Amino acid sequence: MASVTLKHIKKIYDNKVTAVQDFNLEIQDKEFVVFVGPSGCGKSTTLRMIAGLEDISEGELFIGDRLVNDVEPKDRDIAMVFQNYALYPHITVYENLAFSLRIRKMNNEEIHRRVCQAADILGITEYLGRKPKALSGGQRQRVAIGRAIVREPQVFLMDEPLSNLDAKLRNQMRAEIILLRKRLDTTFIYVTHDQTEAMTLGDRIVIMKDGFIQQVGTPQEVFETPHNLFVAGFIGSPQMNIFEAELTRDGDVYSVEVQGMKLQLEGDRAVCLRERNVQSQKVLLGVRPEHVSIRFDGGENAVSGTVTVNEMMGSELHLHVAAGAEKNVILRVPTIDLTPEQRASLNAGNQLNFSFASKVVQLFDPETEQSLLWGGAAE
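Presented here is an overview of the structure given in this document. The structure displayed is predicted, hence computed values, not measured ones.

Structural notes on the sheet that holds strand β17 (residues 316–323)
Spatially, β15-β19-β16-β17-β18 is the arrangement adopted by the five strands of the open sheet, whose pairing is antiparallel. With one partner strand each, in any of the chains shown, β15 (293–294) and β18 (326–334) form the two edges of the open sheet. Across six bridges, strand β16 (residues 303–312) lies against β17 in antiparallel orientation. By the bridge assignment, V307 is partnered in β17 with V321.

Some thoughts on the nonpolar core
Of all hydrophobic cores here, the largest spans 47 residues; its most connected members are L97, V115, I124, I145, Y190 and I207. By residue number, the principal contributor to this core is helix α3 (residues 108–122), which donates six residues.

What about the pattern of salt bridges?
Oppositely charged side chains are able to pair whenever their charged atoms sit close together. Tallying each qualifying case throughout the model produces 18 salt bridges. The partner of K74 in a salt bridge is D75, with the nearest N and O atoms 3.3 Å apart. By relative accessible area, which is 37% here, D75 ends up partly exposed. D252 is paired through a salt bridge with R249; the nearest N and O atoms lie 3.5 Å apart. Three or more residues are tied together by salt bridges with common partners; here these are E110, R113, R114 and E152.

Concerning the pairing of β17
As a general feature of sheets, a regular strand has side chains that alternate between the two faces. Buried residues dominate β17, accounting for seven of its eight residues. Pairing geometry for β17 and β18, over seven bridges, is antiparallel. Bridge pairing in β18 links H320 to I330. Adjacent in sequence and paired antiparallel, β17 and β18 are bridged by two residues, among which G324 carries a positive phi angle near 60°.

Thoughts on the packing of helix α2 (residues 93–103) against helix α4 (residues 137–149)
The relative placement of two packed helices comes down to the angle between their axes together with the axis-to-axis distance. The geometry of α2 relative to α4 is characterised by a closest axis approach of 8 Å and an angle of 30° between their N-to-C directions. On the basis of their axis angle, the class for α2 and α4 is roughly parallel. Judged by the sense of rotation from one axis to the other, the crossing of α2 with α4 is right-handed. Contacts from V93, N96, L97 and S100 in α2 reach V143, G146 and R147 in α4. Looking at the contact of α2 with α4 residue by residue, the class counts come to three nonpolar, three polar and one charged.

Thoughts on a nonpolar patch on the surface
Nonpolar side chains collect at one region of the surface, where Y88, F99 and I103 lie side by side and expose about 280 Å² of accessible area between them. Assignment of secondary structure puts I103 in helix α2.

Side note on the pairing of strand β11 (residues 241–250)
What you see with β11 is a clean split: N241, F243, A245, L247 and R249 sit on the buried side and I242, E244, E246, T248 and D250 on the side with no burial. Taken together, the seven bridges between β11 and strand β14 (residues 281–287) define a ladder with antiparallel strand orientation. Bridging across to β14, E246 finds its partner in K282. Counting the residues that bridge the hairpin from β11 to strand β12 (residues 253–258) gives two residues, and of these G251 lies at a positive phi of roughly 70°.

Notes on unusual backbone geometry
Omega for the bond connecting S237 with P238 falls within 30 degrees of zero, at -5°, which places this linkage in the cis form. Tracing the backbone shows P238 in the loop between α8 (229–234) and β11. One non-glycine residue, K16, adopts positive backbone phi at about 75°. Mapped onto the elements of the fold, K16 is located in the loop between β1 (4–12) and β2 (18–27). Despite not being glycine, A86 shows a phi value in the positive range, around 55°.

A short note on the sheet that holds strand β4 (residues 58–63)
Sheets are built from strands paired through backbone hydrogen bonds, the pairs being either parallel or antiparallel. Spatially, the four strands line up as an open sheet ordered β2-β1-β4-β5, and their pairing is antiparallel. In the strand order of this sheet, the two ends are held by β2 and β5 (66–67), each with one partner. Pairing between β4 and β5: two bridges, direction antiparallel. From the neighbouring strand, F62 faces β5, where its bridge partner is L67. Sheet strands in contact with helix α1 (residues 43–51) are β1, β2 and β4, and its direction is about 115° off that of β1.

Each value, and the rule that gives it
Residues numbered from 1 in each chain as written. Predicted model: local features only at pLDDT ≥ 70, side-chain atom pairs only at ≥ 80, totals over all residues. Heavy atoms only, no water. Pairing = 2+ DSSP bridges. Helix = DSSP H or I, 4+ residues; strand = E, 2+ residues; numbered from the N terminus. Core = buried A, V, L, I, M, F, W, Y, C linked by side-chain atoms within 4.5 Å. Buried < 20%, exposed > 50% of the residue type's maximum accessible area, 1.4 Å probe, protein only. Salt bridge = Lys/Arg side-chain N within 4 Å of Asp/Glu carboxyl O. Axes fitted to C-alpha atoms, helices over the stretch in contact; angles between N-to-C directions. Parallel < 35°, antiparallel > 145°, perpendicular 65-115°, else oblique. Left-handed = near helix turned anticlockwise from the far one by under 90°. Contact = heavy atoms within 4.5 Å. Nonpolar A, V, L, I, M, F, W, Y, C, P; charged D, E, K, R; others polar. Patch = residues over 30% accessible without salt bridge, like charges linked within 9 Å, V, L, I, M, F, W, Y side chains within 5 Å. Areas by Shrake-Rupley, 256 points an atom, 1.4 Å probe, with all protein chains shown as cover.

Following this line, the structure appears as structure tokens:
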């Protein structure tokens, strides 16, 4: 097993397009790290540089203590699982699993042991005699993962391995990858554009945009303490609501006013603002849909709005609300405790009032879009 260290990694293509900018990260031995971000953010390019499938323009890449910038992919002791399975269609599952081992001229007894072990781990023993075309998408992806397992590499690389599967299979395969990780206990680097995969799989998440790292942290850290507006909006589903607001400082006391609702900031948020010496200013206030509460009892110190869309999701409603300048505020409302009268009052076209607690708000600078609470020092 091995750590992976990237120091000032940069990728510039021949057409002068820079895909990855000054990428710095240390991945610990046996850690599961997920690169996540929108299409074109540089996450797959970074993975391919680790694999040796893309040249590194600048910087240093270490696997363990070995500098591998100029080491051939086959000599890096890594294994990669691709989005499109990359199976040989004309040979059986057994031979697909055994192929890389035969290239290494491994003896047949060891090949058989590794293939059978991988098939057992992935639950594909009964398919060893079949060809890939006779398998479902989920079964083919298991075979692709099995080809990586048999190599017993120091590092597993996975490039959007679940993106070709339907929603039910993706959920199932996510759970299987979690179990697989526990059984193999090795280093995983996983690329996805799906923030749900990132949150459920990763020990740490690397959020990328336009070739730059935006934030690195545990799933809980990036969810609760986003360092900028992009991270706040990217992590969480539905995405965070953003309001224009006014932050006021009176001595050591901070309050924020948004559309007539005034909240005094307390606890860690007040401490962070004082430590960073944040002054009174206009801010962008963020609050997640699940942290917004409907005020059926009235509108005192609350925000008023009109329901535009009511989406029934089963255990909860997703309400889209037009509130002042914000035309699409989203509320997640559990249905279990709603009375029939309350549920009827939430139909499209009806007025409602909502509020949220100061302990859940995020505050961002409108110009820099950086958090006023977390990350670097305040300006």
